[in-house]
Each structure stands twice: as C-alpha cells, then as structure tokens.
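# A structural walkthrough
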Amino acid sequence: ATLVAMGDYHVHLHPHGPYVGVGPPPGHYPIDHIEAYVEAAAARGATEIAVTEHLYRCIESKDVLWAWWANDPRTDLAAATSAYVRSDRVLSLEGYVQAVVDAKDRGLPVLLGLEVDYFPEVADEIAAFLAPFPFDVLIASTHWIGAWGVDLAEQRFEFDNRGARAAYEDYFAIETRLAASGLFDVLAHADVVKKQGVVLDTTPVDLYEELAVAAARGGTAVEVSTAGLHQPAGEMYPAPELLRRFHNHAVPITLASDAHYPQDCGRDRDRAIELARSVGYTERIAFRRRVGRLVPLD
C-alpha cells in the first residue's frame, strides 16, 4: 500500500557547514533523528521519504568525483570551492547507506537515495561506482560550473562577471546533458541557477524547451521542489513555465522539500501539488530499487 503513498523524495539528514551542535554530529544517524523526519512528513500527508545525501559530502567520493575545481583558470573560485568541499566532505557513504537500510529494516517508510552532482567528464564512472549499492532512487543536480558554485551565496558575485544570460546558458548546457544521459532517475531543483535571486529579463524558453526534450529522451523525471520558496529565489523549482514544458513532454514528477532539518520535511507539499496540477499533472512517479511506477498525485 505504501507505493501509492505521497512521498518527499529529497531529504538530507545533516545541514551543510561546520557542526554547530544542532541535531546529531555529521555521520551519526540515531533512529529517533530519522523518525523525526518521518513524523514531520506524515503530519503533512507525506507517508514516505527518500533520504538523498549528497555524494560529494561522502569521503568515498573523493576519487570518483575528482577535484573538479582544480583546472579552472579562476583561481579565486577554485580556492573557495576547494575550501567549501573540504569542510563539507565529512560523511561516510557506507555508514549512511547502512543507517538508511537499518531504518528500512525497522519498518520506517524510508527509501535509500542519493543526490549526485553531475560532471559530464566522470558521469559514467560515478554511475558504475554507485551501481553495487541498493539505492531506490538517484536524484542528480548541477551545482558547479567548473569551479563556480552557482547556487552559493558567497559566489553570487560571479553572475555579474559572466552576465546573467551567459550564466544561465552555461548552467542549462550541463543540466541538459544530465537530463539526456539517462544515468540518474530524477532532476533535483532543475533551475537552481535562480536560487540566489538572479532572474533574466526574458524567460529563457529556449533553454527550458531543450531541457524538457532532453529529460523526455533520457527517461529522467523532475522534482517539484518547494525549497526555493525559502531561498532568495522566492519560488519553487522548476519555474511554472519550465514545469509546463516538462509536462508537455510527459516527463514524470516527484515532490520534494530538500529538507536539511526534520521540521522542514514535507514542507509546503500542498503548494507543490497545486503547482503540478496547474500545469496538468495528475500523477507522480514512485521508485523502488530504481524502478519507477506512476501513481496518483495525491
């Protein structure tokens, strides 16, 4: 019966940055911490969650992801990203997988997921590296253009250097390759380039259309994420016009909060459903062991 359950398919068990004493220390997953996410989701009508830790935060990713910032001629961005990753890469993939599998074994309605950063140069190696693990769903995202962390507040100045339209073109070029690759199951926050509130004067319908076509071709779903409502962007991912194009090309959706704290799990789920319905969606896709099946939206 849980397969027709309402899901939150993007959840992190640790916030980013140095540990400040809130919640368990990085790499520790007490069962009551995971239960707190489940309970918050359930209170909002979401009866299963996919836990999707960032691959780059896991020490095992060091070899497979390589130092993607190292060859960027922008040494300022490279230094900033190197420091950021070094401070954030404190988790164990093995330990994380074991914790979520243990929670599943206890009967908690959790799925084992991962958020994978997409780097075209090593995407096939990453997929092969992850294949032995018992993942239910792999969501994938574009956070970096070379050394530039496109969604990081402290690197927002780079939009002025590049020009907003050029930045969007660079971002969507990578995201479109990700969608077409078919290596991963769901696009996380597909237009996260807008996270810091930089929007274009003219809606980039050309970039939107290319991405939607690529997702359809690659068999990649897209999440409707409420996270942007609580960020400078001030709106959900994807933008309504982009979501409409995904629907036009029959790209399935998941629902997501991108919670990093228990109290945010399932947040604004009603608004995500409302947005999805407004462009024509009546179903979402549910995953088990990376096999998707369409179920009613609500």
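What comes next is a walk through the structure. Keep in mind that this is a model prediction, so the values were computed, not measured.

Conventions adopted
- Residues numbered from 1 in each chain as written.
- Predicted model: local features only at pLDDT ≥ 70, side-chain atom pairs only at ≥ 80, totals over all residues.
- Heavy atoms only, no water.
- Helix = DSSP H or I, 4+ residues; strand = E, 2+ residues; numbered from the N terminus.
- Rg over C-alpha atoms; globule rule 2.2 N^0.38 Å.
- Buried < 20%, exposed > 50% of the residue type's maximum accessible area, 1.4 Å probe, protein only.
- Contact = heavy atoms within 4.5 Å.
- Areas by Shrake-Rupley, 256 points an atom, 1.4 Å probe, with all protein chains shown as cover.
- Lys, Arg positive; Asp, Glu negative; His and termini not counted.
- Charge placed at Lys NZ, Arg CZ, Asp CG, Glu CD.
- 1 Å grid on protein atoms, 1.4 Å probe; cavity = no way out; pocket = protein on both sides within 12 Å on 5 of 7 lines; lining within 4 Å.
- Points joined across faces, edges and corners; volume = space filled by probe spheres on them.
- Nonpolar A, V, L, I, M, F, W, Y, C, P; charged D, E, K, R; others polar.
- Pairing = 2+ DSSP bridges.
- Right-handed = clockwise from strand over helix to strand, strands pointing away.

Looking only at helices and strands, one finds ten helices and eleven strands in the protein. On C-alpha atoms alone, the protein measures out to a radius of gyration of 18 Å, which is about the 19 Å that the 2.2 N^0.38 rule sets for 298 residues. Each principal axis of the C-alpha distribution contributes one length, and for the protein these read about 50 × 40 × 35 Å. Burial analysis of the protein (298 residues in total) assigns 55% to the buried set. Put simply, 78% of the contacts in the protein that link residues at least 6 apart link residues at least 24 apart. In the form shown here, the protein has an accessible surface area of approximately 11,900 Å², with 52% of it arising from carbon and sulfur atoms. Counting 26 positive and 43 negative side-chain charges, the protein places the averaged centre of each group 2 Å from the other.

Attention shifts here to empty space enclosed by the protein. Inspection of the entire model under this criterion finds one cavity of 30 Å³ or more. There is about 60 Å³ of room inside the largest cavity. Listed by contribution, the elements that provide at least two residues to the lining of the largest cavity are strand S1 (7–11), strand S9 (253–256) and helix H10 (269–278). Considered class by class, the residues forming the lining of the largest cavity number five nonpolar, four polar and three charged.

What follows is about the pairing of strand S3 (residues 110–117). With eight of its eight residues buried, S3 lies for the most part within the structure. Side-chain alternation along S3 places Val110, Leu112, Leu114 and Val116 on one buried face and Leu111, Gly113, Glu115 and Asp117 on a second face that is also buried. One ladder, built from six bridges, connects strand S2 (residues 48–54) with S3; its direction is parallel. Note that in S3 the partner of valine 51 across the bridge is leucine 112.

Glancing now at the pairing of strand S8 (residues 221–225). Counting buried residues in S8 gives five out of five residues, a clear majority hidden from the surface. Burial along S8 is two-sided: Ala221, Glu223 and Ser225 facing one way and Val222 and Val224 facing the other are all buried. Sheet topology note: the strand S7 (residues 186–187)/S8 ladder contains two bridges and is parallel. Following the sheet pairing, valine 186 is matched in S8 by alanine 221. Between S7 and its parallel partner S8, the chain crosses via helix H8 (residues 205–218), and the hand of that crossover is right-handed. Both S8 and S9 contribute to a ladder of four bridges, which runs parallel. Note that in S9 the partner of glutamate 223 across the bridge is threonine 254. Handedness of the crossover joining S8 and S9 through helix H9 (residues 240–248) is recorded here as right-handed.

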